[in-house]
Each structure stands twice: as C-alpha cells, then as structure tokens.
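# Overview (structure and organization)
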Amino acid sequence: MNGTSSATIIEARQLAKRFGSLVGLDNVSLSAGQGEVICILGPSGSGKSTLLRCFNFLEVADSGEIVLKDERYNCPEFNNPGRLQQARLAHLRARVGMVFQSFNLWPHHTAEANVMEGPMQVLGITRMEAQSRARKLLAKVGLANRSDHFPSQLSGGQQQRVAIARALAMEPEILLFDEPTSALDPELIGEVLGVMRELANEGRTMLIVTHEVAFARDVASRIVFMKDGSICEAGPPERLLTAPQTPQLASFLTRFNKRH
C-alpha cells in the first residue's frame with residue numbers, strides 16, 4: 001500500500017451536480033496527493049462515477065472547481081466551452097488519464113495503433129517514437145505478442161489492458177479508473193487488477209472507482225465511501241473496512257461480506 005504525500009496533484013472543491021431532480025453530487029470535495037491511491041466505494045447511484053468523471057470534465061459540475069496542481073478550472077465556465085476553454089480541457093485531459101468501464105478502444109485500430117494515437121495527435125510526437133512507446137507499454141501490461149491484434153481479436157481483459165497502456169502513453173500525472181473490471185468475466189478480472197497493483201507499487205497517483213473491496217484493502221492509501229451524492233466516510237483501509245464509523249458504510253460492508 002502506498003503512503004500519502006503532502007504534494008496535492010488534483011483537487012475537487014465543493015462540486016455540486018444535479019440530473020433533473022436527482023442529486024448527483026452534493027458539495028463534494030476530494031484531493032489526491034502525489035503517489036496516493038484512492039479507491040472510491042459505494043452502492044450503485046451513490047455518485048462515484050459522476051465524481052470521477054467531473055475530474056476531467058466528462059461530466060461538468062454545476063458549481064465548484066477542479067484544481068490540477070497550480071491550474072484552476074471553474075466548472076460552470078465549461079458547460080458551453082468556447083475555443084479557449086476547449087484548449088484548456090485538452091491540456092487537462094492530456095495530464096489526467098482515464099480508463100473506462102467499457103474499454104473505448106478504436107475498433108478499426110490494432111492494439112499498437114490504439115496506444116500510438118493519443119501521443120501522436122495530442123502530444124505531437126513522431127510515429128517512430130509513438131510506436132516505440134506503445135510497444136514498451138504493451139509489453140508492460142503483458143501484451144507484447146498482441147500488438148497487431150484488433151480489439152475484436154482480444155478478450156475483455158486484454159482490451160482493458162490495452163486501454164491502460166493507452167492511458168499511460170500520454171504520461172499523465174494522475175490516472176482515473178471508472179469501474180475498470182465491472183464489464184469483465186470473473187476469470188479475467190485478476191489480470192487487470194494485477195496491472196493496476198503494479199502501477200500502485202510504482203507510486204502512480206490513481207483515483208479508482210471500484211466494487212473490488214479486497215483490492216481496495218490491498219492497494220489503497222485511502223478509501224472514500226460515497227452514498228447519495230456525498231462522501232460519508234474516508235480514511236485508511238485498515239480502519240475503514242474493519243471499524244466503520246457510519247451506519248451507511250457498516251451496512252454496505254455487511255452486504256458485501258454476505259455475498260463473499
């Protein structure tokens with residue numbers, strides 16, 4: 001498990017988000033320090049994915065701000081972004097990598113080409129350099145022998161590992177994972193979590209929305225538990241998972257333990 005650092009990489013301040021009459025986020029604040037691994041737990045509909053997606057403006061909060069190191073992004077300004085705001089979002093997204101639940105790979109590109117695309121288009125590196133980077137990263141996630149395969153020729157676990165390599169290719173300062181194993185068959189979950197454990201051990205800064213409580217216990221610096229659009233409880237996994245302070249978390253863990 002990683003220790004925390006005082007150097008804050010990214011911070012959400014007082015985020016509020018509504019979907020019609022539904023409260024998605026209720027003035028939520030959360031920061032991640034250098035090398036910190038934060039796992040966000042909670043029941044379905046608790047606001048976990050909404051919070052994560054607000055960090056790189058895939059969802060735009062109605063109020064609040066995102067701070068990435070020394071850059072501040074006032075959320076309401078990005079509801080209808082003009083050219084300047086779009087350029088700022090592109091800059092932020094190049095620094096904040098995202099791994100999705102459903103992989104989101106280009107179906108007409110090989111694994112290698114999927115990993116090469118971002119660095120060439122956004123960072124402007126040469127094809128040769130992008131190819132070298134892609135091959136190293138595919139080897140890192142155990143897919144050196146699948147670089148010429150298309151997504152349809154890969155298992156779900158392999159596709160998700162390509163997606164992780166694609167995020168790493170941008171050399172981001174923080175990685176966001178939105179339930180990265182929930183679309184996988186049970187026998188494939190371990191291979192993706194194994195790659196994520198390695199990233200945690202390397203000291204990567206990561207925010208992970210997950211239902212994998214045992215994984216969170218092993219790798220998290222801090223666990224955040226959400227319910228009804230709010231953070232109910234947060235702290236180190238050894239305390240949170242053995243001595244919950246709120247009835248909401250206690251109930252969640254009881255249901256989890258009954259299923260496992």
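One structure accompanies this document, and this report is about it. As the structure is a computational prediction, the values presented were derived from the model and not from experiment.

Evaluation of the coordinates by the stated rule reveals 16 salt bridges. Linking Arg161 and Glu191 is a salt bridge whose minimum nitrogen-to-oxygen distance equals 2.9 Å. Taken together, the residues Arg161 in helix H5 (residues 156-169) and Glu191 in helix H6 (residues 186-201) connect sequence positions 30 residues apart. A salt bridge links Glu233 to Arg239; its shortest N-O distance comes to 3.4 Å. Here the salt bridges share partners, and the residues they tie into one network are Glu11, Arg13, Glu65 and Arg72.

Our focus in this paragraph is the pairing of strand S1 (residues 8-19). Remember that side chains alternate between the two faces of the sheet whenever the strand is regular. Pairing between S1 and strand S2 (residues 22-33): 8 bridges, direction antiparallel. The partner of Ile10 across the bridge, within S2, is Ala32. Linking two consecutive strands that pair antiparallel, namely S1 and S2, is a turn of 2 residues; a positive phi of about 65° is found at Gly20 within it. Judged from the 5 bridges that link them, S1 and strand S4 (residues 63-68) form a sheet pairing that is antiparallel.

By way of backbone hydrogen bonds, the strands of a sheet pair with one another, either parallel or antiparallel. In space, the 4 strands of this open sheet follow the order S2-S1-S4-S5, with antiparallel pairing throughout. Of all strands in the sheet, those with a lone pairing partner are S2 and strand S5 (71-74), marking the two edges. The average undirected angle you get between the axes of adjacent strands in this sheet is 15°. Contacting S1, S2 and S4, helix H1 (residues 48-55) runs over the sheet at an angle of about 125° to S1.

What follows deals with helix H2 (residues 83-95). Between its terminal C-alpha atoms H2 stretches 19 Å, which fits the 18 Å expected from 13 residues at 1.5 Å a residue. Burial in H2 covers these residues: Leu89, Leu92, Ala94 and Arg95. Tucked into the core, H2 has its buried residues touching H1, S4, S5, strand S6 (96-99), helix H3 (111-123) and strand S7 (174-178).

So, about the packing of aromatic side chains. Going through the model one piece at a time under the given rule, you end up with 4 aromatic pairs. Here the aromatic rings of Phe57 and Tyr73 are separated by 6.1 Å at their centres, their planes lie at 50°, and the arrangement is tilted. One end of the pair, Phe57, is in the loop between H1 and S4; the other, Tyr73, is in strand S5, and 16 residues separate them in sequence. Given a relative accessible area of 4%, Phe57 falls into the buried group. Look at Tyr73 and you get buried, because its relative accessible area is 0%.

Right, let's get into the side chain of Asn114. Within the secondary structure, Asn114 sits in helix H3. Residue classification places Asn114 among the buried residues on the basis of a relative accessible area of 1%. From its side chain, Asn114 meets the backbone nitrogen of Trp106 in a polar contact 2.7 Å long.

The next point concerns the pairing of strand S9 (residues 222-227). For strand S3 (residues 37-41) and S9, the ladder comprises 4 bridges, and the chain directions are parallel. Looking at the pairing, Ile40 lines up with Val224 of S9. Between S9 and strand S10 (residues 230-235), which pair antiparallel one after the other, the connecting turn spans 2 residues, and Asp228 there sits at a positive phi close to 55°.

Here the focus is the nonpolar core. Membership of the largest hydrophobic core comes to 51 residues, with the highest contact counts inside it found for Ile164, Phe177, Met196 and Met206. In terms of residues, this core owes the most to one element, H6, which gives 8 residues. Counting residues in hydrophobic clusters, the runner-up holds 33 residues, among them Leu15, Ile38, Leu68 and Tyr73.

Quick look at the sheet that holds S7 now. The strand order S6-S7-S8-S3-S9-S10 describes an open sheet built from 6 strands, whose pairing is mixed. Lying at the two open borders of the sheet, with one neighbouring strand each, are S6 and S10. Between one strand axis and the next, the sheet turns by 20° as a mean value, whatever way the strands run. Along the sheet, H1 makes contact with S3, S6, S7, strand S8 (206-209) and S9, crossing S7 at roughly 150°. Against the sheet, helix H9 (residues 247-259) engages S3, S9 and S10, with an angle of about 100° to S9.

Conventions we followed
Residues numbered from 1 in each chain as written. Predicted model: local features only at pLDDT ≥ 70, side-chain atom pairs only at ≥ 80, totals over all residues. Heavy atoms only, no water. Salt bridge = Lys/Arg side-chain N within 4 Å of Asp/Glu carboxyl O. Helix = DSSP H or I, 4+ residues; strand = E, 2+ residues; numbered from the N terminus. Pairing = 2+ DSSP bridges. Axes fitted to C-alpha atoms, helices over the stretch in contact; angles between N-to-C directions. Contact = heavy atoms within 4.5 Å. Expected span 1.5 Å × (residues − 1). Buried < 20%, exposed > 50% of the residue type's maximum accessible area, 1.4 Å probe, protein only. Phe/Tyr/Trp six-rings, centres within 6.5 Å; stacked < 30°, edge-to-face > 60°. Polar contact = N/O pair within 3.5 Å; in protein donor to acceptor, adjacent residues only side chain to side chain. Core = buried A, V, L, I, M, F, W, Y, C linked by side-chain atoms within 4.5 Å.

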